[in-house]
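Below are the chains, spelled out letter by letter.
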Amino acid sequence: MSLDAPNMSQQRPIIRQLDDAAINRIAAGEVVERPASAVKELVENALDAGARRIDVEIADGGKTLIRVVDDGCGMSAAELPLALSRHATSKIDGTDLLNITSFGFRGEALPSLGAVGRLSVTSRAAGEEGACLKVNGGALDPVRPAAHNGGTTVELRDLFHATPARLKFMRTDRAEAQAVGEVLRRLAMAEPFVSFTLRDVSGAAGGAGRLSFRADAQTGDLFDAMRARLGRVLGQDFAENALRIEAEREGIGLSGFAALPTYSRGSASLQHLFVNGRPVRDKLLYGALRGAYADFLSRDRHPAAALFVECPPELVDVNVHPAKAEVRFRDPGLVRGLIVSALRHALAEAGHRASTTVAHGVLGAMRPQGEGPPRAYQMDRPSAGARQAAYAAQEPDLAGFGEQSARVVTPEAHPEVRPGQAVAAQDIPQGADPAPAPEGAHLPLGAARGQVHENYIIAQTRDGMVIVDQHAAHERLVYEKLKGQMARNGVAAQALLIPEIVEIGAEGAERLLDHAQELSRMGLTIEPFGAGAVAVRETPAILGTVDAGAMLRDILDELDDLGDSQAVQARIEAVLSRVACHGSIRSGRWMRAEEMNALLREMEATPHSGQCNHGRPTYVELKLSDIERLFGRT
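Describing the nonpolar core
Grouped together as the largest cluster of nonpolar side chains are 61 residues, with contacts concentrated most on Val43, Ile54, Val56, Leu119, Phe196 and Phe238. Once residues within four sequence positions are removed from consideration, Ile54 is found in contact with Val43, Ala46, Leu47, Val68, Val69, Asp70, Val194, Ser195, Phe196 and Thr197. In this structure, Leu289, Tyr293, Leu307 and Ile339 belong to the second largest nonpolar core, which totals 36 residues.

In structure tokens, the structure reads:
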């Protein structure tokens, strides 16, 4: 390392006042990172103006053109110069920076954009004449009259032309266009009653360009509109497999939709969180979402959700990040607890429900991969009466075919037959009646009809069939029973003969001791032991011999990352999961019909039984219409 100070000249530095152009370019560096940042600022301005329709056009990924057209309240000619001045805004009066109910409030977006690109703003307020103001690299032209419908059109050309060094850090046009689309989709999720369109007009001289995204305004109930909008943005599969979330605690509300654990993803790309309608990427909220699903997903799987936190503006500070992407709650523990409890309650109410995409994947794997469209078989569909008469006429007389017919006999009706053995009719004792058809097809998981490969239960439902993985299903049932027993009886703790002293530094020890009461409920008892150390007196008995130092450091890492720690609980539940695995029905075990039906009924009554302890489905449901489609009957 050089002894010279590279940031200091040989002469004494002199403090100077920067000119407005330099100030605006510096501010633009904080607010406008890429074209997607500019689109975010302009669309948020349109939403603050009360727009019900917002159209966005970009060219070359937004590098050469960004145009945002809205039908909001608009501006008068006298207001246009003010709108392009720093720290001039209509959204706050400056007396209370905690009572912020709008997206923007700093008054920096438009002047920052005008400082780094060629900006024009055309607007008309109700009862006013239209006007246009242009800015080039921070220099304002005079306001001119312009023909315009109600609302505002903001056009930004040649982004960063005034700071060409920033262009070197831009990604490809396609990557920048994808980022713009992602920003617009996130904003569209929070505003289901507003229409959004995104067009790519690259190379379209005077043409309409290519429509990249469109979301029409929804009507009706808020949750119905929200579900329809999320289906449009995140896909219909998400809407079909999402659970409605609605909860409130001490003035803070939570709404939205969270997907079933079996709809999990390999990344966190389908996790969208909003605070008072503002898209945020806050580690506290993401940590709460992950904690709510921790008992249902392995560490490499991520839940999908769109959650909206609503609270009085004085309970959250949105002015802690230059791009307002992070927030700070006055009581973060309250918000985290609300998210975790609301999600777990919704997942428990879902019972044995599993994602429909599981069945879609099964059907996709069963379809032949031939070239060309699937062959369609045309069939005449007779009436119900005609089918009944045909069945009666076609019923075979088995009396003369005893030597040639064979059927599968259930062991409970004929104990002398081995499981799954196919026997001929003459091998069945005379006068023996076949086993009666099991009842229960009207129940959600139907009635067991058989078992294949001593691992999978086949059940018939009212309108299809269900295939159950007997080991995974019973493992989840045992696991839920063990968790219930632990919740009722508490976590047993084992006292250490010699307390283990762990050196973790003064700050770490203080943070751990702040959570000592919560850790004690999980069987981990700690006490202060001098400066920067804690003494571990008790550990959870179910964990056996543990490395207390490693456990405490894991807890500290979670506290630093998420503001809360589930490390002890996660280790206990991992032990319970292993116990459940060893205590459940094994693969390869033959089950009697009453055992299979008892397992199905217990699955219907047990929360979370639709997925195993690792988030995989415990059963697959195939509708009769899907099965008929496989055989070309539709």
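Description of the environment of Arg144
With respect to the helices and strands, Arg144 occurs in strand 6 (residues 144-145). With 14 residues separating them in the primary sequence, Arg144 and Gly130 have C-alpha atoms 8.8 Å apart. Those residues in contact with Arg144, other than ones at most four positions away along the chain, are Ala131 and Cys132.

Examining the packing of aromatic side chains
Tallied over the entire structure, the rule returns three aromatic pairs. Considering the side-chain rings of Phe223 and Phe257, the 6.1 Å spacing of their centres and the 75 degrees angle between planes classify their relative orientation as edge-to-face. One end of the pair, Phe223, is in helix 6 (residues 222-234); the other, Phe257, is in strand 11 (residues 252-259), with 34 residues separating them in the sequence. Using a relative accessible area of 8% as the deciding quantity, one classes Phe223 as buried.

What to know about the pattern of salt bridges
Taken as a whole, this structure holds 20 salt bridges when the rule is applied. As a salt-bridge pair, Asp158 and Arg118 come within 2.5 Å of each other at their nearest N and O atoms. Here Asp158, found in the loop between strand 7 (151-157) and helix 5 (173-190), pairs with Arg118, found in strand 3 (residues 118-124); they are 40 residues apart in sequence, far enough to count as distant. On the basis of relative accessible area, Asp158 is assigned to the partly exposed category, the value being 28%. The class for Arg118 is partly exposed, based on a relative accessible area of 34%. A salt bridge links Arg592 to Glu594, with the nearest nitrogen and oxygen atoms 2.9 Å apart. Taken together, the shared-partner salt bridges connect Glu57, Arg67, Glu155 and Arg157 into one network.

A closer look at the pairing of strand 19 (residues 447-452)
Bridging between strand 19 and strand 20 (residues 456-461) involves five bridges; their strand directions are antiparallel. By the bridge assignment, Val452 is partnered in strand 20 with Tyr456. Counting the residues between successive antiparallel strands, the hairpin from strand 19 to strand 20 contains three residues, one of them, His453, with a positive phi of roughly 55 degrees.

What about unusual backbone geometry?
Phi at Asp60 is positive, roughly 55 degrees, even though this residue is not glycine. Note that Asp60 resides in the loop between strand 1 (53-59) and strand 2 (65-70). On the basis of relative accessible area, Asp60 is assigned to the partly exposed category, the value being 29%. Of note in this structure, His453 is not a glycine but carries a positive phi near 55 degrees. Checked against the element boundaries, His453 lands in the loop between strand 19 and strand 20.

Comments concerning the sheet that holds strand 24 (residues 533-540)
The three strands lie next to each other as 22-24-23, forming an open sheet whose pairing is antiparallel. Here the strands that pair on one side only, and so sit at the sheet edges, are strand 22 (493-503) and strand 23 (525-528). For this sheet the average axis-to-axis angle between neighbouring strands, irrespective of direction, equals 20 degrees. As paired elements, strand 22 and strand 24 share seven bridges and run antiparallel to each other. Bridge assignment links Glu500 to a residue of strand 24, and that residue is Val536.

Considering the packing of helix 8 (residues 283-292) against helix 9 (residues 332-349)
In contact at an axis separation of 9 Å, helix 8 and helix 9 are set at 30 degrees when each is read in the N-to-C sense. In terms of their interaxial angle, helix 8 and helix 9 are classed as roughly parallel. Relative to helix 9, helix 8 is oriented so that their crossing is right-handed. Each of Leu284, Leu285, Gly287, Ala288, Leu289, Gly291 and Ala292 in helix 8 lies in contact with helix 9, whose residues at this interface are Pro332, Val335, Arg336, Ile339, Val340, Leu343, Arg344 and Leu347. In terms of residue class, the contact of helix 8 with helix 9 is made up of eleven nonpolar, two polar and two charged.

Concerning the sheet that holds strand 13 (residues 278-280)
Across the sheet, five strands lie side by side as 10-11-14-12-13; this open sheet has mixed pairing. The open sheet is flanked by strand 10 (242-249) and strand 13, the only strands paired with a single partner. Adjacent strand axes in the sheet meet at a mean angle of 20 degrees, parallel and antiparallel pairs treated alike. With eight bridges joining them, strand 10 and strand 11 adopt antiparallel strand pairing. The residue bridging Leu243 from the neighbouring strand is Ala258, located in strand 11. Lying on the sheet, helix 5 is in contact with strand 12 (271-275), strand 13 and strand 14 (305-310); it crosses strand 12 at an angle near 55 degrees.

Brief notes about the side chain of Thr525
If you trace the backbone, Thr525 turns up in strand 23. A polar side-chain atom of Thr525 sits 2.8 Å from a polar atom in the side chain of Glu538. Those residues in contact with Thr525 that sit more than four places away from it in its chain are Ser520, Ala535, Val536, Arg537 and Glu538.

Some thoughts on helix 12 (residues 470-489)
Over its 20 residues, helix 12 runs 29 Å from end to end, which matches the ideal 28 Å to within 8%, given 1.5 Å per residue. Of all 20 residues in helix 12, 14 are buried, a share of seventy percent or more. Note on helix 12: the residue one or two positions beyond its end, Gly490, has a positive phi of about 85 degrees.

Rules and cut-offs
Sequence order as written defines residue numbering, which begins from 1 separately in each chain. Restriction of local features to residues with pLDDT of at least 70 applies here, the model being predicted, together with a cutoff of 80 or more for giving and counting side-chain atom pairs; totals for whole chains, interfaces and linings are based on all residues. Each side-chain value is derived from all of the structure's non-hydrogen atoms; neither hydrogens nor water enter the calculation. By nonpolar core is meant a set of buried Ala, Val, Leu, Ile, Met, Phe, Trp, Tyr and Cys residues that side-chain atoms within 4.5 Å join together. For the exposure calls, accessible area comes from a 1.4 Å probe over protein chains only, and a residue counts as buried if that area is under 20% of its type's maximum, exposed if over 50%, partly exposed in between. The contact definition used throughout considers only heavy atoms, calling two residues in contact when any of these lie within 4.5 Å. Here a helix means four or more residues in a row that DSSP labels H or I, a strand means two or more in a row labelled E, and each is numbered from the N terminus. Aromatic rings from Phe, Tyr and Trp, with only the six-membered ring used for Trp, were paired whenever their centres fell within 6.5 Å, and each pair was classed as stacked if the ring planes differed by under 30 degrees, edge-to-face if by over 60, and tilted otherwise. In what follows, salt bridge is the name for a side-chain nitrogen of Lys or Arg lying within 4 Å of a carboxyl oxygen of Asp or Glu. Strands are labelled as partners when DSSP assigns at least two bridges between them. Orientation is described by lines fitted to C-alpha atoms, with helices fitted over the stretch in contact, and by angles between N-to-C directions that extend from 0 to 180 degrees. Roughly parallel means an angle under 35 degrees; roughly antiparallel means over 145; roughly perpendicular covers 65 to 115; every other angle is labelled oblique. Each crossing gets its handedness from the near helix: less than a right angle anticlockwise from the far helix is left-handed, clockwise is right-handed. Nonpolar residues are Ala, Val, Leu, Ile, Met, Phe, Trp, Tyr, Cys and Pro. Charged residues are Asp, Glu, Lys and Arg, and all others, Gly as well, are polar. The term polar contact refers here to a pair of N or O atoms within 3.5 Å; inside protein, the definition further demands a hydrogen-donor-capable atom paired with an acceptor-capable atom, and it admits residues adjacent in sequence only when both atoms are side-chain atoms. Expected helix span is given by 1.5 Å per residue-to-residue step, counting one fewer step than there are residues.

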